[in-house]
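Overview (structure and organization)
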Amino acid sequence: MRPLPPPGTFAEGQRYIYGLLASAAGMFCGAAAGFMVALLMWGGWSPAEEHTIVTIFGWALGGFIAAMIVVIVGLLAGGPVGRFKVTAGRDGASFEADREQ
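Reference entry: report on the structure contained in this document. (Residues numbered from 1 in each chain as written. Predicted model: local features only at pLDDT ≥ 70, side-chain atom pairs only at ≥ 80, totals over all residues. Heavy atoms only, no water.)

**Notes on the nonpolar core**
Of all hydrophobic cores here, the largest spans 5 residues; its members are Ala33, Met36, Ile53, Phe57 and Leu61. When contributions to this core are tallied by element, the ones reaching two or more residues are helix H1 (10-42) and helix H2 (50-81). Considering every element that reaches this core, the biggest residue donor is H2, with 3 residues. The contacts of leucine 61, once residues within four sequence positions are left out, are Ala33, Met36 and Val37. (Core = buried A, V, L, I, M, F, W, Y, C linked by side-chain atoms within 4.5 Å. Buried < 20%, exposed > 50% of the residue type's maximum accessible area, 1.4 Å probe, protein only. Helix = DSSP H or I, 4+ residues; strand = E, 2+ residues; numbered from the N terminus. Contact = heavy atoms within 4.5 Å.)

**Examining the environment of proline 6**
Inspection of the secondary structure puts proline 6 in the segment before H1. Proline 6 gets classed as exposed once you look at its relative accessible area, which sits at 68%. As for proline 6 and tyrosine 16, which are separated by 10 residues in sequence, their C-alpha atoms are 9.8 Å apart.

**Quick notes on a nonpolar patch on the surface**
Where nonpolar side chains cluster on the molecular surface, the patch consists of Leu4, Tyr16, Ile17, Leu20 and Leu21 and spans about 530 Å² of accessible area. Assignment of secondary structure puts leucine 20 in helix H1. (Patch = residues over 30% accessible without salt bridge, like charges linked within 9 Å, V, L, I, M, F, W, Y side chains within 5 Å. Areas by Shrake-Rupley, 256 points an atom, 1.4 Å probe, with all protein chains shown as cover. Salt bridge = Lys/Arg side-chain N within 4 Å of Asp/Glu carboxyl O.)

**Some words on the packing of aromatic side chains**
Under the definition given, this model contains 1 aromatic pair. Between the aromatic rings of tryptophan 45 and phenylalanine 57, the centroid separation amounts to 6.3 Å while the plane-to-plane angle is 50°, which identifies the pairing as tilted. Remark: phenylalanine 57 occurs in helix H2 and tryptophan 45 occurs in the loop between H1 and H2; sequence separation between them is 12 residues. (Phe/Tyr/Trp six-rings, centres within 6.5 Å; stacked < 30°, edge-to-face > 60°.)

Take a look at the structure:
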């Protein structure tokens, strides 16, 4: 595999950093979600506390996944893209991501 050329401008360097941050955030959140599921499955909870533990972990995992999506989209929207444009008409809907210079 050929290595990528170094960034030519400051903006390209920023886009590279935001891309790395978004990738790292996705990997971290995926690993943490997998850890939570493993803890639920093999945690050794007593039958009396199972319902409470599953409820707490379920809500926590749902919030964690929602936060993961918000952080990753926020990094991508604030970094390399900067602007979203959504249009809908008789011909269909479109979604554009554009960066301002």
